[in-house]
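Descriptive structure summary
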Amino acid sequence: MLNIAVFVSGRGSNFRTVFEKVPKEKINFCAVVSDRIDALAVKFAAENNIPVYFVSNTAKDGFVSYDFLIELFNKKFVNIVLLAGFLKKIPDFFIDAFENKIINIHPALLPEYGGKGMYGLNVHKAVFESSEKFSGATVHFVDKIYDHGKIIAQRKVDISDAKSAEEIAEEVLKIEHELLPFVVEKFADNKIVCENNGVVILD
Ligand code: GAR
């Protein structure tokens, strides 16, 4: 059983797709964490009886700290922290506490189109302006540099017919919804092996 905590900032379609596609007996949603009270993903979590926490770097009523989350996740034996459209930078000490356990989905083929400011539609605008024929999605481990950690898996999509950044976003989101549940289920099955030079996914 994979104990997972999911971080979200908005719509939460990637979180929903993991919730719907990974077999229930393989995964336990320990927590959904958001920096935004109005995130749609939070509503979905609450409707499905998943504990919700709001996190902030500064002390704020109704928000918990990253220190609190470290303690909570250790108590709940969280194996994987999934960033599914979480748009705030995670503090270094939290990354240290969960080395090789935090994963992120990025809507492009890293290492291209990553880094600070590269999130959501900004990524697709940059891809569109460069007239790329392909884009895709990447799931990677999170380290202290934006979009830089070891790549776990990628999927590519032909965007040569796309007429706008929004159309690229739509095509990429479809493959995010295939790639992310695939990777999370592989973690649940213990089929992801982290080696010095990279990551191997076993059949
Ligand atoms: C997704 O496209 C995800 O790849 C992206 O935000 C979107 C969230 O959508 N993440 C980033 O850009 C992180 N750099 P969702 O809330 O519907 O899952």
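All figures in this text were calculated on a predicted structure; none of them were measured in a lab. (Residues numbered from 1 in each chain as written. Predicted model: local features only at pLDDT ≥ 70, side-chain atom pairs only at ≥ 80, totals over all residues. Heavy atoms only, no water.)

1. As for the site of the ligand
Put simply, the rule is: The near set for a molecule or strand comprises every residue that places at least one heavy atom within 4 Å of it. Per-residue and other accessible areas follow the Shrake-Rupley method at a 1.4 Å probe size, with only the shown protein chains counted as cover for residues. Under the DSSP-based scheme used, a helix requires at least four consecutive residues in state H or I and a strand at least two consecutive residues in state E, with every element numbered from the N terminus. Gly falls in the polar group here, along with every residue not listed as nonpolar (Ala, Val, Leu, Ile, Met, Phe, Trp, Tyr, Cys, Pro) or charged (Asp, Glu, Lys, Arg).
The local shell around the ligand consists of Arg11, Gly12, Ser13, Asn14, Gly85, Ile105, His106, Pro107, Met118, Tyr119, Gly120 and Glu176. Against a free-state accessible area of 450 Å², the protein chains account for coverage of 91% of the ligand. Taken together, the elements giving at least two residues each to the shell around the ligand come down to helix H1 (13-21) and strand E5 (102-106). Its residues placed into classes, the shell around the ligand shows four nonpolar, six polar and two charged.

2. A short note on the packing of H1 against helix H2 (residues 40-47)
This is how the line gets drawn: As a rule, the C-alpha atoms of each element are fitted with a line to give its axis, helices using only the stretch in contact, and angles between N-to-C directions run from 0 to 180 degrees. In this scheme, roughly parallel covers angles under 35 degrees and roughly antiparallel covers those over 145, while 65 to 115 is roughly perpendicular and the rest are oblique. The contact definition used throughout considers only heavy atoms, calling two residues in contact when any of these lie within 4.5 Å.
Where H1 meets H2, the closest approach of the two axes is 10 Å, and the angle between their N-to-C directions is 25°. Considering their axes alone, H1 and H2 lie roughly parallel with respect to each other. The segment H1 lies against H2, with Phe15, Arg16, Phe19 and Glu20 engaging Ala41, Phe44 and Ala45. Classifying every residue of the contact of H1 with H2 gives five nonpolar, no polar and two charged.

3. Notes on the sheet that holds strand E6 (residues 134-141)
Across a sheet, strands are paired by hydrogen bonds formed along the backbone, either parallel or antiparallel in direction. The following threshold applies: When DSSP finds two or more bridges between two strands, those strands count as paired.
Pairing within the open sheet is mixed, and its seven strands lie in the order E3-E2-E1-E4-E5-E6-E7. A strand with exactly one partner marks an edge of an open sheet, and here the two such strands are strand E3 (52-54) and strand E7 (151-158). The sheet shows a mean angle of 20° between the axes of neighbouring strands, taken without regard to direction. Taken together, the three bridges between strand E2 (residues 27-34) and E3 define a ladder with parallel strand orientation. Counterpart to Val33 in the pairing with E3 is Tyr53. Packed onto the sheet, helix H6 (residues 165-188) meets strand E1 (2-8), E2, strand E4 (80-83), E5, E6 and E7 and runs at close to 150° relative to E7.

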